[in-house]
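# Survey of secondary and tertiary structure
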Amino acid sequence: MRPSHLTRRIAGEGSDAWITHDRAVERLGRGEDVILLSIGDPDFDTPPAIREAATRALADHRTHYAPIGGEPELRAAIAATSSASLGWTVHPDQVVVYPGAQAALYALAQCLFNPGDEVIAPEPTYVTYQPVIASTGAAMRQVPLRPERQFHLDPEDLARVITPRTRALMLNFPHNPTGATLALDEAQAVAALVQRHDLVLISDEVYAALSFATPHLSPASLPGMAERTAVVSSLSKSHAMTGWRCGWSITPGSMIPHLQNLARAMYFGVAQFIQDAAAVALTAGGEELAAIRAAYARRARLLVDVLAAAPGLLARTPEAGMYLFADVRGTGLSGKAFAARLLDATGVAVTPGEGFGPSGAGHVRITLGTGDERLAEAGRRIVAFCEAGRGRERAG
């Protein structure tokens, strides 16, 4: 068979991000003592009420085709939850349900972008953004999130890369991999640029429920942005439902027929029993959500405290999410080399920052998706690795 040109566009440039992870999984499969901190899969069990809702739905034979855009009960729950957070009324008919937020991003790109368009995305950038955008024939233009700004967006950098071919911004705040959030003045600047240049905003808010110090601020909540913004979210991280594959988009009503047509051509709806469970997660999962968020905040503080003793490594407490983005430039190693050598020497797997873009160079992403005791042990191994490296430097 002869692959299409599309297969080259969707190969992406971030595949190196997974090399260390794949090696760690192989070693784990051989029974080796590996601490896997290289993938954003929570160690929490999906809360009981959600699992029980799925079990009831299966017993009630909820295993048939669902409406293309999503079950009415789930769309209503998403609309109600989103209305409360956005400050304006989201109607259920503005919601489309997908098998995960990744599918939502792909569908929006297909229905919004044309060959030759440019889409701006801050980097470090989650590794799937480039192939999602490239699949449409559009090009991704990157804006750096600089370490010296704690990876906060600089609106002046954003303004400089807008051209007549710019069609959209694709933002991810709270940010993966850095844990940075979008401050009010930054969000206002984004809204002003979007409106001034007649752009569309895709706002990936998967980590919104995991903001620690202050509630998440969506750019869609600002004046003039509701009709220009597609909000994407899911339950994967907030409710420990990664494997359930249930996400959604909120868009102006004019986009809904196009998104539903793409759903009909691609995946034909999300399983009924999964949607029933997701509706329960949104309407009755408050206590579990708060506990998961508190656990990530505690784990972040714990690991930052342990890593404070690591020479050449700087770890700041994230503002949100389930990752630390640690600066390892002081060790004299790139993020790739640090991750590879750390795995070989200690059995701790982290993700090199270079896979997320140029601004991630010299950093590693450390997932907080494991228990306190095991996480502290991983931190101690990282400290010992950095100390051994400093000792070798002095001996040399």
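### Topic: the sheet that holds strand E11 (residues 351–352)
With antiparallel pairing, three strands are arranged side by side in an open sheet as E9-E12-E11. Two strands lie at the open edges of the sheet, namely strand E9 (323–327) and E11, each paired on one side alone. Two elements, E11 and strand E12 (residues 363–367), share two bridges in a ladder whose sense is antiparallel. From the neighbouring strand, Thr351 faces E12, where its bridge partner is Arg365. On top of the sheet, helix H11 (residues 286–307) reaches E9 and E12; it is set at about 20° to E9, its chief contact.

### Looking at the environment of Leu314
As for its placement among the helices and strands, Leu314 is situated in the loop between H11 and E9. Spatially, the C-alpha atom of Leu314 lies 36 Å from that of Ser82, the residues being 232 residues apart in sequence. In contact with Leu314, not counting residues within four places along its chain, are Ala326 and Asp327.

### Let's talk about the pairing of E12
Across the five residues that make up E12, a large majority, five, are buried. Alternating positions in E12 separate into two faces, His363, Arg365 and Thr367 on one and Val364 and Ile366 on the other, with burial throughout.

### Focus on helix H12 (residues 335–346)
With twelve residues, H12 extends 16 Å between its outermost C-alpha atoms, agreeing within 8% with the 16 Å of an ideal straight helix rising 1.5 Å per residue. Where H12 is concerned, the buried positions are Gly335, Phe338, Ala339, Leu342, Leu343 and Thr346. Projected onto a plane normal to the axis of H12, the buried residues spread over an arc of 125° and lie on a single side. Count one or two residues on from H12 and you reach Gly347, which has phi positive near 80°.

### Things to note about the nonpolar core
One broad trend across soluble globular proteins is that nonpolar side chains are buried collectively. In terms of nonpolar packing, the biggest core is built from 65 residues, with Leu313, Phe338 and Ile366 touching the most fellow members. Setting aside residues no more than four positions away along its own chain, Leu313 makes contact with Leu307, Ala326, Asp327, Val328, Thr331, Phe338, Ile382 and Cys386. The next biggest cluster of nonpolar side chains, apart from the first, holds 27 residues, and it includes Ala53, Ala79, Val95 and Val280.

### A closer look at the packing of aromatic side chains
According to the stated counting rule, one finds eight aromatic pairs in the structure shown. Both rings, one in Tyr126 and one in Tyr129, keep their centres 6.5 Å apart while their planes meet at 80°; by these two values the pair is edge-to-face. Summarising the aromatic geometry, the rings of Phe151 and Phe325 are spaced 5.4 Å apart at their centres and angled 75° between planes, so their arrangement reads as edge-to-face. Linking Phe151 in the loop between strand E4 (139–144) and helix H7 (155–160) with Phe325 in strand E9, this pair joins segments that are 174 residues apart in sequence.

### Some words on helix H4 (residues 72–86)
Under the 1.5 Å per step criterion, the end-to-end length of H4 is 20 Å for 15 residues, consistent within 8% with the ideal 21 Å. Within H4, burial applies to Leu74, Arg75, Ala77, Ile78, Ala79, Ser82, Ser83 and Leu86. Against strand E2 (95–98), strand E8 (247–250), helix H9 (256–266) and helix H10 (272–284) lie the buried residues of H4.

### Details of unusual backbone geometry
Most peptide bonds take the trans configuration, and most residues that are not glycine carry a negative phi. Residues Glu123 and Pro124 are joined by a peptide bond in cis, for which omega reads 15°. Residue position: Pro124 is located in the loop between strand E3 (118–123) and helix H6 (129–134). With an omega of -5°, the peptide bond running from Phe173 to Pro174 counts as cis. Residue placement: Pro174 occurs in the loop between strand E5 (166–172) and helix H8 (184–196). In this structure, Arg245 is a non-glycine residue whose phi angle is positive, near 55°. Assignment of secondary structure puts Arg245 in the loop between strand E7 (229–234) and E8. Taking the relative accessible area as the measure of exposure, Arg245 reaches 34% and is therefore partly exposed. Backbone geometry at Phe268 places phi at a positive 60°, although glycine is not the residue there. Looking at where Phe268 falls in the secondary structure, it is placed in the loop between H9 and H10.

So, how was this worked out
- Residues numbered from 1 in each chain as written.
- Predicted model: local features only at pLDDT ≥ 70, side-chain atom pairs only at ≥ 80, totals over all residues.
- Heavy atoms only, no water.
- Pairing = 2+ DSSP bridges.
- Helix = DSSP H or I, 4+ residues; strand = E, 2+ residues; numbered from the N terminus.
- Contact = heavy atoms within 4.5 Å.
- Axes fitted to C-alpha atoms, helices over the stretch in contact; angles between N-to-C directions.
- Buried < 20%, exposed > 50% of the residue type's maximum accessible area, 1.4 Å probe, protein only.
- Expected span 1.5 Å × (residues − 1).
- Arc of directions from axis to C-beta.
- Core = buried A, V, L, I, M, F, W, Y, C linked by side-chain atoms within 4.5 Å.
- Phe/Tyr/Trp six-rings, centres within 6.5 Å; stacked < 30°, edge-to-face > 60°.

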